[in-house]
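# Inside the fold
One letter stands for each residue in the lines below.
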Amino acid sequence: MPLDDSERNAALRRALFVFAAGGDLHREPTLDDPAVLELANDLDSPTRREALAAAVERLDAEPDALERLRDQDLAWRAYACSLLAEALGEDDEA
């Protein structure tokens, strides 16, 4: 994914503030979580969406999962959710 560390980190910091404002920090982020939506919007670009769509096509996954991920909005939110979940997991390890 064409995303540099400084841009990703800045967007994640903003999303973490939104996530923290939403309640329990130990909850799992969901695809419709306001923090996930904020992060997805922050990082969205046509180039990144194209890269994600190409990556989805290379996945070795169940046909049903692939079909769901071909929905670009869903795939983009899933990507943002994974970035946020990873950042939350790093906080837990510290």
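Rules used throughout
Residues numbered from 1 in each chain as written. Predicted model: local features only at pLDDT ≥ 70, side-chain atom pairs only at ≥ 80, totals over all residues. Heavy atoms only, no water. Helix = DSSP H or I, 4+ residues; strand = E, 2+ residues; numbered from the N terminus. Rg over C-alpha atoms; globule rule 2.2 N^0.38 Å. Buried < 20%, exposed > 50% of the residue type's maximum accessible area, 1.4 Å probe, protein only. Contact = heavy atoms within 4.5 Å. Lys, Arg positive; Asp, Glu negative; His and termini not counted. Charge placed at Lys NZ, Arg CZ, Asp CG, Glu CD. Axes fitted to C-alpha atoms, helices over the stretch in contact; angles between N-to-C directions. Parallel < 35°, antiparallel > 145°, perpendicular 65-115°, else oblique. Left-handed = near helix turned anticlockwise from the far one by under 90°. Nonpolar A, V, L, I, M, F, W, Y, C, P; charged D, E, K, R; others polar. Core = buried A, V, L, I, M, F, W, Y, C linked by side-chain atoms within 4.5 Å. Arc of directions from axis to C-beta.

With that settled, consider the overall build of the protein. On a plain count of helices and strands, the protein comes out with five helices and zero strands. For the protein, the sequential pattern of α-helices and β-strands runs α-α-α-α-α. Relative to the compact-globule value of 12 Å for 94 residues, the protein shows a C-alpha radius of gyration of 14 Å, a close match. For the protein, the C-alpha atoms occupy an extent of roughly 35 × 25 × 25 Å along the three principal directions. Across the 94 residues that make up the protein, the buried fraction comes to 31%. Taking the contacts inside the protein whose residues are at least 6 apart along the sequence as the reference set, 72% of them involve residues at least 24 apart. One finds the centroid of the 10 positive side-chain charges in the protein at a distance of 4 Å from the centroid of its 23 negative side-chain charges.

Moving on, we come to the side chain of R49. With respect to the secondary-structure elements, R49 resides in helix α3 (residues 46-58). With a relative accessible area of 18%, R49 lands in the buried category. Each residue touching R49, except ones within four places of it in the same chain, is listed here: D44, Q72, D73 and W76.

Turning our attention to the packing of helix α1 (residues 5-21) against helix α2 (residues 34-43). In contact at an axis separation of 8 Å, α1 and α2 are set at 155° when each is read in the N-to-C sense. When the axis of α1 is compared with that of α2, the two are roughly antiparallel. Remark: the crossing between α1 and α2 carries right-handed chirality. Residues E7, R8, A11, L12, R14, A15, V18 and F19 of α1 touch α2, and the partners they reach there are P34, A35, E38, L39, D42 and L43. Classifying every residue of the contact of α1 with α2 by side-chain character gives nine nonpolar, no polar and five charged.

Further remarks concern the nonpolar core. Judged by nonpolar contacts, the single largest core of 20 residues is most densely connected at L39, L43, W76, Y79, L83 and L84. Those elements that place two or more of their residues in this core are α1, α2 and α5 (72-93). Ranked by residues supplied to this core, first place goes to α5 with nine residues. In contact with W76, other than residues within four places in its own chain, are M1, A40, L43, D44, R48, R49 and L52.

For the rest of this paragraph, the subject is α2. Every buried residue of α2 is accounted for by A35, V36, L39, A40 and L43. Down the axis of α2, the buried set is contained in an arc of 135°. They therefore lie on one face. Of the residues in α2, the exposed ones pointing more than 90 degrees away from the buried face are P34 and N41.

When you line up the elements, R48 lands in helix α3. Judged by its relative accessible area of 9%, R48 falls in the buried class. Contacts of R48, omitting those with residues within four sequence positions, involve M1, P2, L3, E7, L43 and W76.

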